[in-house]
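In case you want the letters, here they are:
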Protein chains: 2
Amino acid sequence: MANEFVVTPWEVKGRVDYLRLAREFGVQLITDEDVKSLQELAGDVHYLIRRGFFYAHRDLRTILDRQRTGLKWALYSGRGPSADLHIGHLVPWMLGRWFVNRFGVEYFFEMTDDEKFLVKEGYTLEQTNRYAYENALDLIALGFPPDKLHIIIDTEDIKYLYKIAVRVGKKLTLSTVKHTFGFTDSTNVGAAFFPTLEISVAFLPTELYGETVPVLIPTAIDQDPYFRLARDIAEDLGYPKPSTIYGKFIPGLTGEDKMSASNPDSAIYITDEERDVKRKIMNALTGGQPTAEFQRKYGGDPDNCVVYKYHLLFQESDEKVKRIYEDCKVGKLLCGECKAMLFERIREFMKEHNERRERAKDVVQQYRLSTKFK
Amino acid sequence: MANEFVVTPWEVKGRVDYLRLAREFGVQLITDEDVKSLQELAGDVHYLIRRGFFYAHRDLRTILDRQRTGLKWALYSGRGPSADLHIGHLVPWMLGRWFVNRFGVEYFFEMTDDEKFLVKEGYTLEQTNRYAYENALDLIALGFPPDKLHIIIDTEDIKYLYKIAVRVGKKLTLSTVKHTFGFTDSTNVGAAFFPTLEISVAFLPTELYGETVPVLIPTAIDQDPYFRLARDIAEDLGYPKPSTIYGKFIPGLTGEDKMSASNPDSAIYITDEERDVKRKIMNALTGGQPTAEFQRKYGGDPDNCVVYKYHLLFQESDEKVKRIYEDCKVGKLLCGECKAMLFERIREFMKEHNERRERAKDVVQQYRLSTKFK
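This one's a predicted model, so the numbers in the text were calculated from it and none came from an experiment. All residue numbers here refer to positions counted from 1 along the written sequence of the relevant chain. Written order decides the labels, with chains lettered from A and ligands numbered from 1. Two thresholds apply to this predicted model, a pLDDT of at least 70 for residue-level local features and 80 or more for giving and counting side-chain atom pairs, whereas whole-chain, interface and lining totals are computed over all residues. Side-chain figures throughout are based on the complete set of non-hydrogen atoms in the structure, without hydrogens or water.

1. Considering the overall build of chain A
No. 1: From N to C terminus, chain A includes 18 helices and nine strands.
No. 2: At a minimum sequence separation of 6, the contacts of chain A that also span at least 24 residues come to 76%.
No. 3: Working note: accessible area of chain A is about 15600 Å², and carbon and sulfur atoms make up 47% of it.
No. 4: Charge centroids of chain A, computed over 53 positive and 56 negative side chains, lie 2 Å from each other. To qualify as a helix, a DSSP run of H or I must reach at least 4 residues; to qualify as a strand, a run of E must reach at least 2; elements of each kind are numbered from the N terminus. We call two residues contacting when some pair of their heavy atoms lies within 4.5 Å. Note on areas: Shrake-Rupley with a 1.4 Å probe; residue coverage comes only from the protein chains shown. Charge assignment: positive for Lys and Arg, negative for Asp and Glu; neither His nor the chain ends contribute. One atom stands in for each charge, and that atom is NZ of Lys, CZ of Arg, CG of Asp or CD of Glu.

2. Brief notes about the pattern of salt bridges
Residues and elements named next belong to chain A.
No. 1: A pairing counts as a salt bridge when a side-chain nitrogen of Lys or Arg comes within 4 Å of a carboxyl oxygen of Asp or Glu. Applying the stated criterion across every chain, the model contains 58 salt bridges over all chains.
No. 2: The partner of Asp 65 in a salt bridge is Arg 68, with the nearest N and O atoms 2.7 Å apart. Residue Asp 65 and its partner Arg 68 are located together in helix H4 (residues 60-69), separated by three residues, close to a single helical turn.
No. 3: Only protein chains enter the accessibility calculation, which uses a 1.4 Å probe. A residue is then buried if its area is under 20% of the maximum for its type, exposed if over 50%, and partly exposed in between. Assessed through its relative accessible area of 40%, Asp 65 is described here as partly exposed.

3. Some words on the relation of the copies chain A and chain B
No. 1: Copy-to-copy superposition: least squares on the C-alpha atoms, limited to residues that have pLDDT of at least 70 in both copies. In the superposition of chain A on chain B (RMSD 0.1 Å, axial shift 0.0 Å), the rotation amounts to 179 degrees. As the rotation angle and translation indicate, the two copies are arranged about a two-fold axis.
No. 2: Residue by residue, 100% of the interface of chain A is reproduced at the interface of chain B, so both copies engage with the same surface.

4. Quick look at helix H4 (residues 60-69) of chain B
Residue and element names in this part refer to chain B.
No. 1: The set of residues buried in H4 consists of Leu 60, Ile 63, Leu 64 and Arg 66. Each buried residue of H4 sits inside an arc of 155 degrees when the element is viewed along its axis, so together they form one side.
No. 2: Summarising the contacts, the buried residues of H4 are in contact with helix H2 (32-42), strand S4 (54-58), strand S8 (215-220) and strand S9 (243-247).
No. 3: Count one or two residues on from H4 and you reach Gly 70, which has phi positive near 75 degrees. Read the arc as the range of directions from the helix axis to the C-beta atoms.

5. Describing the interface of chain A and chain B
No. 1: Each partner contributes residues to the interface: chain A has 36 residues there, and chain B has 37 residues.
No. 2: Two parts placed together each lose some accessible area under a 1.4 Å probe, and adding up what both lose gives the buried area. Surface buried jointly by chain A and chain B totals about 3200 Å² across both partners, of which 69% is contributed by carbon and sulfur atoms.
No. 3: Linking chain A with chain B are four salt bridges, by the criterion used here.
No. 4: Across the pair Asp 185 of chain A and Lys 178 of chain B runs a salt bridge, and its minimum N-O distance is 2.9 Å.
No. 5: In protein, a polar contact means a hydrogen-donor-capable atom and an acceptor-capable atom, both N or O and within 3.5 Å, with residues adjacent in sequence counting only if both atoms are side-chain atoms; elsewhere, any N or O pair within 3.5 Å suffices. Summed over the shared surface of chain A and chain B, the number is 22 residue pairs in polar contact (both at pLDDT 80 or more).
No. 6: Contributions of two or more residues to the side of chain A that touches chain B are made by helix H6 (113-119), helix H7 (125-141), helix H8 (158-171), helix H9 (174-181), helix H10 (189-193) and helix H11 (195-209) of chain A.
No. 7: Take the side of chain A that touches chain B: its biggest share by element is eight residues, from H8 of chain A.
No. 8: Taken together, the residues that form the side of chain A that touches chain B break down as 14 nonpolar, 10 polar and 12 charged. Three residue categories are used. Nonpolar comprises Ala, Val, Leu, Ile, Met, Phe, Trp, Tyr, Cys and Pro, charged comprises Asp, Glu, Lys and Arg, and polar comprises the others, including Gly.

Here it is, written out as structure tokens:
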């Protein structure tokens, strides 16, 4: 049986073949040469790129060329705020932070409270708007200078986007958005219009600065349809095509290819109690042998282990990660110990995060686009 | 052959049977009793209602009952600003002015520069936005206190509307807007979303005041599809159903049932030179006899005369209108004289209008919603 999988902005199903996905979407793989260019420009390369978690892109070289020649560019990410975050949500934003720190670029961040209200049953706009503020705290907690991170909340900052969205909206037929996003005639007209707003932010820096400011968008690869459309219409509208850098999905602890909101044990939430984090990690699917004895004798399989993948995502130290890999392979490291190490790392990560998140409450307005651009 | 006609917000074709149209749209006719209620409440009744030009409605009584009991309500009209106005565009706004003067209510007025850009080829958003300001001058020139008339320009004042529009947009499927407005999959997604904004203004006074403020919408009957939808979803969203009062179309001088932008001689534009106005009126289709001799002998047919219809629309004096009607019937008034009288009236109307329009340039900001509601 063929390996069947589905990846859309709304749904990830089946075992994802990331190389095939890149080919089907028509995006480029990040090459050794790309990594070398980044190394030369930044002095180092973020571990999420080095370790191949961010693995594909559109026009990354355009952005690197601008950086090389001192021309303006900006970062852009987004979040559909409908719930508390799981720690996987932070991963692309961590890469965004690295770009901000290394290149001093501005980071435009869209909280799509409108979209989440439109596509999810059972939410009021007040709820998704409240989550926009909650999620903003998590973003700020990662550490950004207030003059570099610009948070946009769609329903509150629509004045910055609407004129662009109307121009975008004139370029996209219902047929195009139906085909691109799988909409049908039963889709509500708000949800059908929403892609214009996700596309608009890609053009916003150019509008705000009155000069060409292309964006680089670090995001999960399922968001590609938006930016494919954005690239299709950009030049017609007088805007630069956005570039993208695409990550894989954060695997679920219980074995899914993507953390799942419908299975709370598959993901670690920012708001989880320590004992829940511990339980979830201890119950995670590993590449270990059925018994400690077998593990010692035959070694484990880190390449097919969710726990090892989490070490890759949240442990910055290459040395530590390498040791885990090798010790697992030769049976020196048992799954229980390895999970305990991961728990320690995640616990530490979350403790720091929640402290910084608490402090973010006092400064959130400093990060709003509307505070800085009148 | 049956009388075939088409009336949509985008198109009026054929000889309109207004009674049948009211029946097909499911709207009520204005009865003698309605007119009597208005008379009791206002002290008089605007001649456009008395003369049956405004002839149909939805829930007019709800508004009259609120007026009677001293409860808040508001007026709402709109304009798609894509060109200079013809004098017929002013007619529903003249009725709006009467309601404002008689009842002291507030008048919310939406300039849909987004819509006109989205549905018309060859316009930039800058152009439709500029027309929004131009058309606003014509509205203000009719005479309103600045605290009663609130002008909304969609692309600039979107922050007042977007949250409502998102809620409206969640209630309307693509199927519904396609069916209601004749959209197809080739319609652009901006145009498909736009109805949510026309509907939103009907709910805006309730949002702004934080209490139930139903609106009365004086408009041409072709706008009914928007407000039928608005009424369908209002209660679900916690808003009062809008009421409407519907006018017929301003007939074209050359005989069409509606002034046509594609035939400049069918309409008198605000910007027309006096000699153009004269020529257009002198060339208008009448209900007169082929010769002066025949006219004197058999009399004319004012009931089927465009010139007489224009007297009805722009001559406030019942006495003068009555004399024209009777003198025409008995052949005492010839078409040339009657047209000369109409030209005089329109000339005077336009002269006053353009003087007041000139003065409006200094005060337009006082009438913006955004000046008054922060």
